[in-house]
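# Report on the structure
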Amino acid sequence: MRLQSHEDMRPVLIIRYRPSEHAIAVLRLIMQSDECTKVLNHLNIHVALVGSSFDDKAIGKQSKKCGDIQDIELRILHPTMSPRQLVIGNILSGGDKNLISSLVSSAEEACQAANALASHRALIQEERELKRRQEEDLHLSEFQDRQRQCQEASNQQPEDEESEDSTLVDPIELRQKRIAAFSEQGEPSKRPRRSPFYSNSSGEDSGTITFPGINREDSPAQCQSIIKYSKNN
């Protein structure tokens, strides 16, 4: 009874009766009222004989607090968020003068409360579902981030090796470029060192060496003496 009311979020009507003509008349009056039957279609109805095992399980300790009842009693129970608990909405006796109107109003109030509770439970379930999806998205994003980091690390390792090779090759390539540049420029031409005694009348180098104070007509002995004299002085 409690689980069923919690599952479908419908109020519960418990009809407790004692076998008597008055109880039968009250039940017949309820069944013949169109307004009453229309409202009671939205309730879970249970009938219990007073003092039976079902009556003890359905009412429990509350039957002792209420004391003895008349031939018939109507109890409307509201569902709660707990599947093990129901809340008493109203208790009607079969001897009430306005039994039908009181039963209809109590049933309508119970249905409104059950609808509000159902909306609240649906909202809680949506929040739980949203939280579950957010946690799944978070775990998925963390997993994708770890995969991306591993892939970037694996891609970065060959690049580091290539950069190390390039740093070793760069000085060699630079040296080769410098050698190629020097070879394109060519070796600088060096003018041979000339003796101060090397001269030519035309001002050009002709390969003839002349010494001051020596004439062509002088003999070799005279030339040697002149050269020695110039060295000593």
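Residues numbered from 1 in each chain as written. Predicted model: local features only at pLDDT ≥ 70, side-chain atom pairs only at ≥ 80, totals over all residues. Heavy atoms only, no water.

Turning our eyes to something else, we now look at the overall build of the protein. Within the protein, the secondary structure is distributed over seven helices and four strands. When the accessible surface of the protein is totalled, it reaches about 17,900 Å², and 50% of it is carbon and sulfur. (Helix = DSSP H or I, 4+ residues; strand = E, 2+ residues; numbered from the N terminus. Areas by Shrake-Rupley, 256 points an atom, 1.4 Å probe, with all protein chains shown as cover.)

Before going further, it helps to spend a moment on the confidence of the model for the protein. Scored by pLDDT, the protein has a mean of 75; 67% of the residues are at 70 or more. Scored below 50 in pLDDT, residues 195–202 makes 13 contacts in the model with residues more than four places away or belonging to other chains. (pLDDT = per-residue confidence, 0-100. Contact = heavy atoms within 4.5 Å.)

Attention now moves to the nonpolar core. Residues Leu13, Ile30, Leu74 and Leu103 are the most contacted members of the largest nonpolar core, which totals 20 residues. Elements represented by at least two residues in this core include exactly strand 1 (12–17), helix 2 (21–32), helix 3 (34–40), strand 3 (72–79) and helix 6 (99–185). Ranked by the residues each element gives to this core, the list is headed by helix 6, at seven residues. In this structure, Leu103 is in contact with Leu13, Ile30, Cys36, Leu40, Leu74, Ile76 and Leu92, ignoring residues within four places of it in sequence. Core analysis: the next-biggest nonpolar cluster, separate from the first, contains six residues, Val12, Ile14, Ile59 and Leu86 among them. (Core = buried A, V, L, I, M, F, W, Y, C linked by side-chain atoms within 4.5 Å. Buried < 20%, exposed > 50% of the residue type's maximum accessible area, 1.4 Å probe, protein only.)

Bringing the pairing of strand 1 into the picture now. In terms of burial, strand 1 is a largely internal element, five of the six residues being buried. Bridge count for strand 1 against strand 2 (residues 44–49) is six bridges, and the pairing is parallel. Bridge pairing in strand 2 places Arg16 opposite Ala48. Relative to strand 3, strand 1 runs antiparallel, the two being bridged by six bridges. Residue Arg16 lies in a different strand from strand 3, and its bridge partner there is Glu73. (Pairing = 2+ DSSP bridges.)

Let us look at the sheet that holds strand 3. Across the sheet, four strands lie side by side as 2-1-3-4; this open sheet has mixed pairing. The sheet is open, and its two edges are formed by strand 2 and strand 4 (86–93), each paired on a single side. Across the sheet, the mean angle from the axis of one strand to that of its neighbour is 20°, orientation sign disregarded. Across the sheet, helix 2 is in contact with strand 1 and strand 3; its angle to strand 3 comes to roughly 50°. (Axes fitted to C-alpha atoms, helices over the stretch in contact; angles between N-to-C directions.)

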